[in-house]
Amino acid sequence: MKVGIIGTGLMGFPMAINIAKKFELKSFNRTFEKMKGLEKYKVTLCNTLESLSKDSDVIISMLPSDKEVIETIDQVKNFIESGTVFIDMSSTKVSTANECYKILKEKDSNFIDAPVSGGPEGAKSGSLAIMAGGDEDAFLKVKNVLEAMGNPTLVGPNGSGQVSKLCNQIIVGVTIGAVAEAIILCEKNGADPNKFITAVSGGFADGKILQNHGQRMIDKDFVARGKNITHLKDMNNILECASQKGIKLPISKLIQNMFKNLCDSGFENDDHCSLYKEISNLK
């Protein structure tokens, strides 16, 4: 099976390395230099989407926004063959996944929305949580490719992957806020936050966000693994998706406002654990 990947940034680059361990792989990135180094893993670096798309059985995209995803689909559809499966692993609106699915169905090709959770660390270790939406036969056809990057689950028809990612981001955003409040409460009352994390280890409050993001808050390490601007985009999409179904999500609305404040204050490229800053500065 021949695979192509579009977008070799913070997530796409390590994902490409893991795919190349098991499959013949081509890559494309708008900034060619960002692909440099992949050739060491026997990845063919392409200068155009056309050269990447031709002869690829599976095409994967990991792109920053809906605009890039739709633009890419509109170009790639002219070069792919019938039966090609396009997997978008970006985080987009559900409506974008629906549009891409429709475009490729008209070309007798398949589209799967398969956003991920796990960040750059998960991309490097090949342990990403992969939430897929689409036709079951197409998913089964490419499941082994997805398994090279992590743990894929088909959660429903087209768009379901993006819905699942939005649900994931609700939990991540709200939990980061809860962890920030806990760390701040420890610090302001003379309790050692490091020992607090140790004390609750194994209990109901324990988890990856407490262990990872909580430690970054203590260390004041806000170098981006997941950017505030990206999480704000996710929170915007969450509330839009909810609004379309007449659903109120008050806690998500609060977290959205906090991420917006961070981005408006110039911290858009800081790690989302810097929600700690926003809560610390509340009067």
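Everything that follows concerns the structure shown earlier in this document.
Residues numbered from 1 in each chain as written. Predicted model: local features only at pLDDT ≥ 70, side-chain atom pairs only at ≥ 80, totals over all residues. Heavy atoms only, no water.

1. A short note on the layout of surface pockets
Thinking step 1. Considered as a void within the structure, the second largest pocket measures approximately 320 Å³ in volume.
Thinking step 2. Around the second largest pocket, the lining is made up of 17 residues, and of these Val94, Val163, Leu166, Cys241 and Ala242 lie nearest the centre.
Thinking step 3. For the lining of the second largest pocket, the elements supplying multiple residues, two or more each, are helix H4 (94-105), helix H7 (160-188) and helix H10 (228-244).
Thinking step 4. Among the elements that line the lining of the second largest pocket, the one with the most residues is H10, at six residues.
Thinking step 5. Of the residues assigned to the lining of the second largest pocket, the class counts are ten nonpolar, four polar and three charged. (1 Å grid on protein atoms, 1.4 Å probe; cavity = no way out; pocket = protein on both sides within 12 Å on 5 of 7 lines; lining within 4 Å. Points joined across faces, edges and corners; volume = space filled by probe spheres on them. Helix = DSSP H or I, 4+ residues; strand = E, 2+ residues; numbered from the N terminus. Nonpolar A, V, L, I, M, F, W, Y, C, P; charged D, E, K, R; others polar.)

2. Things to note about the pairing of strand S5 (residues 85-88)
Looking along a regular strand, one sees the side chains alternate between the two faces of the sheet.
Thinking step 1. On S5, burial covers both faces: Val85 and Ile87 on one face and Phe86 and Asp88 on the other are all buried.
Thinking step 2. The β-α-β motif built from strand S4 (residues 58-61), the intervening helix H3 (residues 66-76) and the parallel element S5 has right-handed crossover chirality.
Thinking step 3. Direction of pairing for S5 relative to strand S6 (residues 110-113): parallel, over a ladder of four bridges. Bridge pairing in S6 places Phe86 opposite Phe111.
Thinking step 4. In the classification by handedness, the crossover that spans S5, the intervening H4 and the parallel S6 is right-handed. (Buried < 20%, exposed > 50% of the residue type's maximum accessible area, 1.4 Å probe, protein only. Right-handed = clockwise from strand over helix to strand, strands pointing away. Pairing = 2+ DSSP bridges.)

3. Looking at the side chain of Glu68
Thinking step 1. Position of Glu68 among the secondary structure elements: in helix H3.
Thinking step 2. Classification of Glu68 as buried rests on a relative accessible area of 15%.
Thinking step 3. Filtering out sequence-adjacent residues up to four positions away, Glu68 remains in contact with Arg30 and Leu63. (Contact = heavy atoms within 4.5 Å.)

4. Describing the environment of Leu140
Thinking step 1. Within the secondary structure, Leu140 is located in helix H6 (residues 136-147).
Thinking step 2. Take Leu140: its relative accessible area is 53%, and that puts it in the exposed class.
Thinking step 3. On a C-alpha basis, the gap between Leu140 and Leu154 in space is 9.1 Å, while along the polypeptide they are 14 residues apart.

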